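Chain residues, written in single-letter form:
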Amino acid sequence: MEFMRLEGEAETKTEIKAIIQCLDGRTIKLSGFPEVLKVKAAEAKVSHPSQHDWDSFFRDAKNMNEMKPGERPDTIHVKDLPTKWFSHRQKDRPSEQVVKRVFENFGEVRCLDIPMLDPYRKEMTAVKSNGLQTFSFNTGITFDLYVQYKEYISFVKAMDSLRGMKLLYIADDEEEKAYTSCIKVDFDKTKHLSDRSIKKRRMEREKLEQLEREREEKVRKEREEEEKRIEEEKRKKEEEEKEKERKRVEKLEKREKRRREREEKRRLKAQERKRLEEERQYQAKIQMEERRFLVAQRKLESIRLLGELFSRIKAEKLSNDLVQRELELEVERRKQLEEEKRIKEDMKKRKLEAKKRRKEELRHHETELREKILKNWKDKFCVHTQEEKKEEEMRERLRKRLQGKKILKSAAVKPNFTKVTASSEVRPASSPPDWRQRGEEWIREEYQNKVLPKDRRLKKRAGHRLHKGMPYNPHMEWKKRLKRKESEMRRWKEWMEWKKQFLYWKHKFSIPVPYVD
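Residues numbered from 1 in each chain as written. Predicted model: local features only at pLDDT ≥ 70, side-chain atom pairs only at ≥ 80, totals over all residues. Heavy atoms only, no water.

Engineer: Looking at this structure, how should I read the nonpolar core?
Structural biologist: Generally speaking, soluble globular proteins have nonpolar side chains that are buried together. Formed by 30 residues in total, the largest nonpolar core has its most connected members in I76, F103, L145 and Y149. Going through the elements one at a time, α2 (51-60), β3 (75-82), α3 (96-103), β4 (109-113), β5 (142-149), α4 (152-162) and β8 (184-187) are the ones with two or more residues in this core. Discounting residues that sit within four places of it in the chain, F103 has contacts with I76, V78, V109, L145, V147, Y149 and L162. (Core = buried A, V, L, I, M, F, W, Y, C linked by side-chain atoms within 4.5 Å. Buried < 20%, exposed > 50% of the residue type's maximum accessible area, 1.4 Å probe, protein only. Helix = DSSP H or I, 4+ residues; strand = E, 2+ residues; numbered from the N terminus. Contact = heavy atoms within 4.5 Å.)

Take a look at the structure:
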């Protein structure tokens, strides 16, 4: 004996872990066993099909038609149901009405089959290809059941509700005892309640009933013809055995003939493969020799071509460098002229913008003063329109309502020009930031922090000995130095780019051609 399996139940699912921890790894001594047994506890797995199981089964089954009932997931097969719990009048037989009323809780039942209630089911033969099945009727304590629902959702609801469950029965007597029973639930895989199977069972039942009637009527004739039938059966059996022997001999002869044909085909295929392999090897040798000759020829041509190419590149590069240098000097001169022109235009624009901004500030200041004077005059002589009075009343009511509450203000507050005093300065809204303006601000900061202190020191040393016709402008000198620095950096980047291209082509044409052997 390798192991003994014992199953138990707990009151709730939360107690399972505690029970497993107490039992797992312990040892136990049982009578009748000389050795000490080791206990291994684990949670029992529920052997119940999932939705994936029946979906994959009916999807992969080739002899199933999901448009027909019984050949799709709509039938459940329940085993080991207690007979007495579902009986009505006859205690030893279940009642279809009781069973149907119980299983209609999950949905409307289309068809119901209890093989135990069919007296002719014992005599029916099991034909697997036609979907029929035999049942054992050795005991009447339990019975099997097939339930077919009209809708798929009812079938899913029933399967999910019965997963890992036991059947509970509460007696109607005075003690009201409760009993449980383990049942096995599975989906039908044999098309038991399909129209074709039901029709076949009905035809078989009618046939058996007809045979039963004929048997009762012809009992006497059958007894008289029993010996004749036995002799006829023996004769037929002998003929069948002879026919089987003849077919077996023919089958062996055909098998031997097919074996010889297969051997002949294999021999011819082996010869053909050997011939093709020899031809392939011969062609590969020829291609290899041609490849060697071609590689040597290309290597010689590439060496000659590289020599000529480098000489031409050298001459072309010298001429291009001279032309490029002249163009760079011309472009630099033009850019300096354009930069001086642009600086003059920028100075003019800034002066015009400063005048315009000052004019706008004065206009805003004048407007605010006018509004303030008008408001003071109205407050003094109580001259208000009806709309202004309503707005003032609404503002007062809102102030009283919000008194004592915390008010969250937005970060972007609209400026209130009505509360500006005469001494305050009214400025227009600043324009959005401009990258050119930011660059000018940066230059101005650098000028104030670095150039002006140095310029003051130079003026102090020189004693203001500057020519009157050539005014000294440190701001313009600083911008010129920045411009020269930028042009030097640009020329250095162009030189590095040209050098990288030259090294690339030099490296590419200096790589030797590999010799393929």
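Next comes the rest of the description.
Engineer: Can you walk me through the pattern of salt bridges in this structure?
Structural biologist: Side chains that differ in charge, positive against negative, can pair when their charged atoms come close. Here the structure, examined in full by the defined rule, presents 35 salt bridges. A salt bridge links D74 to R72, with the nearest nitrogen and oxygen atoms 3.4 Å apart. By relative accessible area, R72 is classed as partly exposed at 26%. One connected set of salt bridges, linked through shared partners, spans D113, D118, R121 and R205. (Salt bridge = Lys/Arg side-chain N within 4 Å of Asp/Glu carboxyl O.)

Engineer: Whenever I open this one, helix α5 (residues 195-217) confuses me. Can you help?
Structural biologist: Each α-helix winds once per 3.6 residues, and so residues spaced three or four apart point in a common direction. With 23 residues, α5 should reach 33 Å at 1.5 Å per residue; the first-to-last C-alpha distance of 33 Å fits that figure. If you follow the buried residues of α5, they end up packed against β4. (Expected span 1.5 Å × (residues − 1).)

Engineer: How should I be thinking about the pairing of β5 in this particular structure?
Structural biologist: Residues in a regular strand point their side chains to alternate faces of the sheet. Burial analysis of β5 places six of its eight residues in the buried class, which makes it a mostly covered element. Bridge count for β3 against β5 is six bridges, and the pairing is antiparallel. Considered in β5, the bridge of P82 is made with T142. Relative to β5, β4 is paired through four bridges, and the arrangement is antiparallel. From the neighbouring strand, L112 faces β5, where its bridge partner is V147. (Pairing = 2+ DSSP bridges.)

Engineer: It is not clear to me how the environment of D118 should be interpreted in this structure. Could you clarify?
Structural biologist: The residue D118 is located in the loop between β4 and β5 in this model. When sequence neighbours within four positions are dropped, the list of residues in contact with D118 reads M124 and R205. Within the local environment of D118, its side chain forms a polar contact with the backbone nitrogen of Y120, the two atoms lying 3.2 Å apart. (Polar contact = N/O pair within 3.5 Å; in protein donor to acceptor, adjacent residues only side chain to side chain.)

Engineer: Before we go on, may I ask you to explain the packing of α2 against α4 in this structure?
Structural biologist: The geometry of a pair of packed helices is captured by two quantities: the angle between their axes and the separation between those axes. One can describe the packing of α2 onto α4 by two numbers: an axis separation of 11 Å at closest approach and a directional angle of 135 degrees. In terms of orientation, α2 lies oblique with respect to α4. Where α2 abuts α4, its residues Q51, W54 and D55 lie against Y152, F155, V156 and M159. Partitioning the contact of α2 with α4 into residue classes produces five nonpolar, one polar and one charged. (Axes fitted to C-alpha atoms, helices over the stretch in contact; angles between N-to-C directions. Parallel < 35°, antiparallel > 145°, perpendicular 65-115°, else oblique. Nonpolar A, V, L, I, M, F, W, Y, C, P; charged D, E, K, R; others polar.)

Engineer: Can you walk me through the confidence of the model for the chain in this structure?
Structural biologist: Reading fine detail from the predicted coordinates is not recommended where pLDDT is low. With 78% of its residues at a pLDDT of 70 or more, the chain shows a mean pLDDT of 77. For the stretch residues 511-517, pLDDT sits under 50, and the model shows 10 contacts to residues farther than four places along the chain or on other chains. (pLDDT = per-residue confidence, 0-100.)

Engineer: Please clarify how the sheet that holds β8 should be interpreted in this entry.
Structural biologist: Paired through backbone hydrogen bonds, the strands of a sheet run either parallel or antiparallel to each other. Taken in spatial order, the four strands make up an open sheet running β4-β5-β3-β8, and their pairing is antiparallel. The sheet is open, and its two borders are formed by β4 and β8, each paired with just one other strand. The mean inter-strand angle of the sheet, taken between neighbouring strand axes irrespective of direction, is 20 degrees.

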